Amino acid sequence: MAPKLKAIVLGAGYRGRAYAEYAKYHPDQLEIVGVADPSQAEVIPAQRYWKDWRACLEDRPEADIVMITMPDALHYEPALLALEAGYHLLLEKPISPTEAQCREVIAKALEKKRLVIIGHVLRYTPYFAHIKAILDSGEIGEVVSITHQESAGFYKVAHSYCRGNWANSKKSSPIILAKCSHDLDLFAWWINRPCKRVSSFGSIKLFRSENKPAGAADRCVDCPVAIERKCIWSAKKMYLKYDALKYLFADQSDEAMEKLIRETEYGKCVYCCDNDVPDHQCVNMEFEGGATVSHMMTGFTERNIRTTRIACTGGEIVGDG
C-alpha cells in the first residue's frame, strides 16, 4: 500500500477546497497539514493556518505536496519557491500567464527533480479518457478534424469572466488560458502531435458599458424593479433565486449571498465591470500530419457543456460531455 501523502494548500477557494476534500474521503491516502489563505483558510480542516502563502512556505511545514490553487497571476512565484524548498506540486492551470514564467517553472522542476502536475482535470474523467482510448486504439483510423464547442453557460460567464476573478486579464490571465486551456490540452493529448499553426479571434460582444439599459443602476440591488425583473444577468437571480453558482462559495447561506451582491464585485451590473476578456472566442489549429481543430468558446448558452465531433479516416466520434 502506498504511504499517506501530506499536503499544503495555498488558496482556499473552490478549487482548493475540491482538491483538499479528497483527504476527507481518503484519510489513509492524503492528509492536509496546512492551509494558507488571506480570508478563509479555516474552511479546509488542517493542522496549521497562515494568512499569507509566503509565511507558510518560509515555515517549511513537513509535507510532500504543495497544492497551488490561487488566482492565475499568483501561480508563478509560489511554484518556484515551493520547488526550491523540495516540494512536489499540484499546480492549478495555467502554470503562469506568460510563456517565460512557464518555462522557468518547468526548468526549476527539472533542476530539483520534483513532480509538477497541472490541473488539466478533464484528462482524468472517464468520458474524455474513453475518447483518448478509442483514438489510441486506431480502430477508426487517424484524426482528420475536430470541431469542438465549449458552451460556458451564461451564468458562469457572468460570474467568472465578467464580475469575477477571471474577468480582467491583467489581474488574472486571458480567458483562453483561464477557461480554454482545458480544451487545448485535450486536443494536444488526443492528436499527440505538435501543433504547427494557430489563429484566434474573439471580442466582447455584450458586456460593455454602452449596452447598459437606460435607467439601470450600477448594482443589481439598486436597479429599478422593472429593469431588474427582465434582466437575465441579475445578481439577485443568480445568487439568491437559483443555486447554480452557490457551490463556488464556502458559505452558501442566503445571508452570505445577500452580502455578496451588496458589497462585492458579484453584485455589480454586468455592463459596469472592469472586464476585458472576450465573451466569445474561436481558435483554429493545424497539427503536424495535417489534422485540424476548430474550437469555439461562447458564453451565450443555457448549459455549461462541451460538445465534440471528431472525424477520423475510418469513422467519427460525437459526444456532448
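Our structure is the block above this text.
Residues numbered from 1 in each chain as written. Predicted model: local features only at pLDDT ≥ 70, side-chain atom pairs only at ≥ 80, totals over all residues. Heavy atoms only, no water.

**As for the sheet that holds strand E12 (residues 315-319)**
Put simply, the rule reads: In this description, strands pair whenever DSSP reports at least two bridges between them. Each helix is a run of DSSP H or I of at least 4 residues and each strand a run of E of at least 2, with the numbering of both proceeding from the N terminus. Helix axes are fitted to C-alpha atoms over the stretch in contact, other axes to C-alpha atoms as well, and angles between N-to-C directions run from 0 to 180 degrees. What makes two residues a contact is simply this: any of their non-hydrogen atoms within 4.5 Å.
In spatial order, the strands read E8-E9-E10-E7-E11-E12; together these 6 strands make up an open sheet with mixed pairing. This sheet does not close on itself; its edge strands, each paired only once, are strand E8 (195-203) and E12. The mean inter-strand angle of the sheet, taken between neighbouring strand axes irrespective of direction, is 10°. With 5 bridges joining them, strand E11 (residues 305-312) and E12 adopt antiparallel strand pairing. Each residue of the ladder has a partner; that of Ala311, found in E12, is Glu316. Sitting on the sheet, helix H8 (residues 181-191) touches strand E7 (143-151), strand E9 (280-287), strand E10 (292-298) and E11, and the angle it makes with E7 is about 160°.

**Overview of a nonpolar patch on the surface**
Keep this limit in mind: Residues forming no salt bridge and having over 30% relative accessible area are the ones grouped into patches, like charges within 9 Å of each other and nonpolar side chains (Val, Leu, Ile, Met, Phe, Trp, Tyr) within 5 Å. We get accessible surface area from the Shrake-Rupley algorithm with a probe of 1.4 Å; when it comes to residues, only the shown protein chains can shield them. The working definition used for a salt bridge is a side-chain nitrogen of Lys or Arg within 4 Å of a carboxyl oxygen of Asp or Glu.
Where nonpolar side chains cluster on the molecular surface, the patch consists of Leu115, Ile117 and Tyr124 and spans about 350 Å² of accessible area. With respect to the helices and strands, the residue Leu115 is situated in the loop between helix H4 (99-112) and strand E6 (116-118).

**Details of the packing of helix H3 (residues 76-84) against H4**
How we decide: Our angle categories are set so that under 35 degrees counts as roughly parallel, over 145 as roughly antiparallel, 65 to 115 as roughly perpendicular, and the remainder as oblique. Polarity classes work like this: nonpolar for Ala, Val, Leu, Ile, Met, Phe, Trp, Tyr, Cys and Pro, charged for Asp, Glu, Lys and Arg, and polar for all others, with Gly in that last group.
At a minimum axis distance of 9 Å, the contact between H3 and H4 shows a crossing angle of 10°. One element, H3, and the other, H4, form an angle in the roughly parallel class. For the pair H3 and H4, contact is made by Tyr76, Ala79, Leu80, Leu83 and Glu84 and by Gln101, Glu104, Val105, Lys108, Ala109 and Lys112, respectively. In the contact of H3 with H4, the residues fall into 6 nonpolar, 1 polar and 4 charged.

**With respect to the sheet that holds strand E5 (residues 88-91)**
If you walk across this open sheet you meet the 6 strands as E3-E2-E1-E4-E5-E6, and the pairing is parallel. Each end of this open sheet is capped by a strand with a single partner; those strands are strand E3 (48-50) and E6. Between one strand and the next, the sheet's axes are offset by a mean angle of 25°, whatever the strand orientation. Pairing of E5 with E6 involves 3 bridges; the strand directions are parallel. By the bridge assignment, Leu90 is partnered in E6 with Ile117. Helix H1 (residues 14-25) contacts strand E1 (5-10), strand E2 (30-36), strand E4 (65-68) and E5 of the sheet and is inclined by roughly 145° relative to E2.

**A word on unusual backbone geometry**
The condition that has to hold: Relative accessible area decides the class of each residue, using a 1.4 Å probe on protein chains only: under 20% of the type maximum gives buried, over 50% gives exposed, and in between gives partly exposed.
Omega for the bond connecting Lys93 with Pro94 falls within 30 degrees of zero, at -10°, which places this linkage in the cis form. With respect to the helices, strands and loops of the structure, Pro94 is situated in the loop between E5 and H4. If you check the backbone angles, Lys113 has positive phi at about 55° while not being a glycine. Within the secondary structure, Lys113 sits in the loop between H4 and E6. Residue class for Lys113 comes out exposed when judged on its relative accessible area of 69%.

**Thoughts on the packing of helix H5 (residues 126-137) against H8**
To be explicit about the condition: By definition, turning the near helix anticlockwise from the far helix through less than a right angle yields a left-handed crossing, and turning it clockwise yields a right-handed one.
In the contact formed by H5 and H8, the axes pass within 9 Å of each other and the chain directions differ by 25°. Here H5 lies roughly parallel to H8, going by the angle between them. In the packing of H5 onto H8, the handedness of the crossing is right-handed. Seen from H5, the contacting residues are Phe128, Ala129, Ile131, Lys132 and Leu135; seen from H8, they are Leu186, Trp189 and Trp190.

**Side note on the side chain of Thr308**
For clarity, the cut-off: Under this definition, polar contacts are N or O atom pairs within 3.5 Å; protein pairs additionally need one hydrogen-donor-capable and one acceptor-capable atom, and for neighbouring residues in sequence, both atoms have to be side-chain atoms.
Among the secondary structure elements, Thr308 is positioned in strand E11. At 2.9 Å, the side chain of Thr308 and the side chain of His148 are in polar contact.

**Overview of the pairing of E2**
Threshold: The path from the first strand over the helix to the second decides the hand: if it runs clockwise while the strands point away from the viewer, the crossover is right-handed.
Of all 7 residues in E2, 6 are buried; the element is thus mostly enclosed. Pairing of E1 with E2 involves 6 bridges; the strand directions are parallel. Within the sheet, the bridge partner assigned to Lys6 lies in E2 and is Glu31. Where the polypeptide runs from E1 across H1 and back to E2, its parallel neighbour, the crossover connection is right-handed. Two strands pair when backbone bridges link them, and E2 and E3 are joined in this way by 3 bridges, in the parallel orientation. Bridge pairing in E3 links Ala36 to Trp50.

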